[in-house]
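# Structural overview
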Amino acid sequence: FALWQASIADSLISIFFNNKWSDTILLVQILSFGIGFTVASSLWAPALRIKSKYKTQAFYSLLSLLFFISLIVPSSYFGGNEGLALSVTIYLIISGPLLLFYSFRYYDISFSELFHPILKYFSLSIMIFGTCYFFTHQFNLNDMIKLLINGVMSPVIYFGILFLVDKDFNAFLKEIKIIKK
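These numbers come from a predicted model, not from an experiment. (Residues numbered from 1 in each chain as written. Predicted model: local features only at pLDDT ≥ 70, side-chain atom pairs only at ≥ 80, totals over all residues. Heavy atoms only, no water.)

## Observations regarding the overall build of the protein chain
- Along the protein chain, the regular secondary structure elements total seven helices and zero strands.
- The secondary structure elements of the protein chain, listed N-terminal to C-terminal, are α-α-α-α-α-α-α.
- The principal-axis extents of the C-alpha atoms in the protein chain amount to approximately 55 × 55 × 20 Å.
- The proportion of buried residues among the 181 residues of the protein chain is 35%.
- Sequence separation of 24 or more characterises 64% of the internal contacts of the protein chain that already satisfy a separation of 6 or more.
- Working note: accessible area of the protein chain is about 11,500 Å², and carbon and sulfur atoms make up 71% of it. (Helix = DSSP H or I, 4+ residues; strand = E, 2+ residues; numbered from the N terminus. Buried < 20%, exposed > 50% of the residue type's maximum accessible area, 1.4 Å probe, protein only. Contact = heavy atoms within 4.5 Å. Areas by Shrake-Rupley, 256 points an atom, 1.4 Å probe, with all protein chains shown as cover.)

## Digging into the nonpolar core
- Trp44, Ala45, Ala47, Leu48, Tyr60, Leu99, Leu100, Phe104, Leu114, Phe115 and Ile118 form the largest nonpolar core, which has 11 residues in total.
- Within the residue set of this core, elements represented by two or more residues are helix H3 (44-50), helix H4 (54-103) and helix H5 (111-138).
- For this core, the element with the highest residue contribution is H3, accounting for four residues.
- Excluding residues that lie within four positions of it along the chain, Leu48 makes contacts with Lys53, Thr56, Gln57, Tyr60, Ser103 and Tyr106.
- One finds Leu124, Leu162, Phe169 and Leu173 within the second-largest nonpolar core, a separate group that totals eight residues. (Core = buried A, V, L, I, M, F, W, Y, C linked by side-chain atoms within 4.5 Å.)

## Notes on the pattern of salt bridges
- This structure, assessed with the given rule, holds three salt bridges.
- With a closest N to O distance of 3.1 Å, Lys120 and Asp168 form a salt bridge. Within this pair, whereas Lys120 is found in helix H5, its partner Asp168 is found in helix H7 (residues 167-175), the two being separated by 48 residues in sequence.
- Looking at Lys120, the relative accessible area reads 25%, which means it is partly exposed. (Salt bridge = Lys/Arg side-chain N within 4 Å of Asp/Glu carboxyl O.)

## Considerations on the packing of helix H1 (residues 2-16) against helix H2 (residues 24-40)
- Running from N to C, H1 and H2 cross one another at 165°; their axes reach a closest spacing of 7 Å. One element, H1, and the other, H2, form an angle in the roughly antiparallel class. The handedness of the crossing between H1 and H2 comes out as right-handed. Taking contact as the criterion, the partners of Ala2, Leu3, Gln5, Ala6, Ala9, Asp10, Ile13 and Ser14 in H1 are, on H2, Thr24, Ile25, Val28, Gln29, Ser32, Phe33, Ile35 and Gly36. (Axes fitted to C-alpha atoms, helices over the stretch in contact; angles between N-to-C directions. Parallel < 35°, antiparallel > 145°, perpendicular 65-115°, else oblique. Left-handed = near helix turned anticlockwise from the far one by under 90°.)

## Examining the packing of aromatic side chains
- If you walk through the whole model with that rule in mind, you get 18 aromatic pairs.
- Note on Phe129 and Tyr158: the rings are 5.7 Å apart at their centroids and 35° apart in plane angle, and the pair reads as tilted. Linking Phe129 in helix H5 with Tyr158 in helix H6 (residues 143-165), this pair joins segments that are 29 residues apart in sequence.
- You can call Phe129 buried: its relative accessible area is 3%.
- By relative accessible area, which is 10% here, Tyr158 ends up buried. (Phe/Tyr/Trp six-rings, centres within 6.5 Å; stacked < 30°, edge-to-face > 60°.)

## Structural notes on the environment of Phe135
- Within the fold, Phe135 resides in helix H5.
- Expressed as a C-alpha distance, the spacing of Phe135 and Leu3, which sit 132 residues apart in the sequence, is 15 Å.

## Section: H1
- Look at H1: 20 Å from first C-alpha to last across 15 residues, which is about the 21 Å you get at 1.5 Å a residue.
- If you check which residues of H1 are buried, you get Ala2, Leu3, Ala6, Ser7, Ile8, Ala9, Asp10, Ser11 and Ile13.
- Residues of H1 that are buried make contact with H2, H5 and H6. (Expected span 1.5 Å × (residues − 1).)

Limitation: the analysis is restricted to geometry and does not speak to function.
Here it is as structure tokens:
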């Protein structure tokens, strides 16, 4: 949903807010890109706590903090708000999967088992939401049409493809009883 948020940010802000907010569109889009990696990797800390690896969790948190500061200080100084947003997104894209990988090494989970779903859904998202976003901007459509295509049609296509070809997604739908077994 992070890429969906990025694809509808400009239309939503343009339609519902006045022009003084238009400078925030790029910032929202940049930050939205990294949010998906945060969600995907949010289990790194609980994975360590379950194994009572509190010192390891503190150490990883400290390393993560140092990496974050080393990215945001120079990028915000030289790049302003856009540099800061970009460095936060880069931090999320790099640190999230790394923290997840190092936290899950205490379990019997391989690298491919851990990252295959993340990459699969991210790739599909970028293809669908990115393509719809590109075409709505390439043809210079008005904001309401952009919002309908990027906000409604893109998710319908995304979930339609998942429903038709992704057995993991179908198993999930069966488990939560949205479709019958």
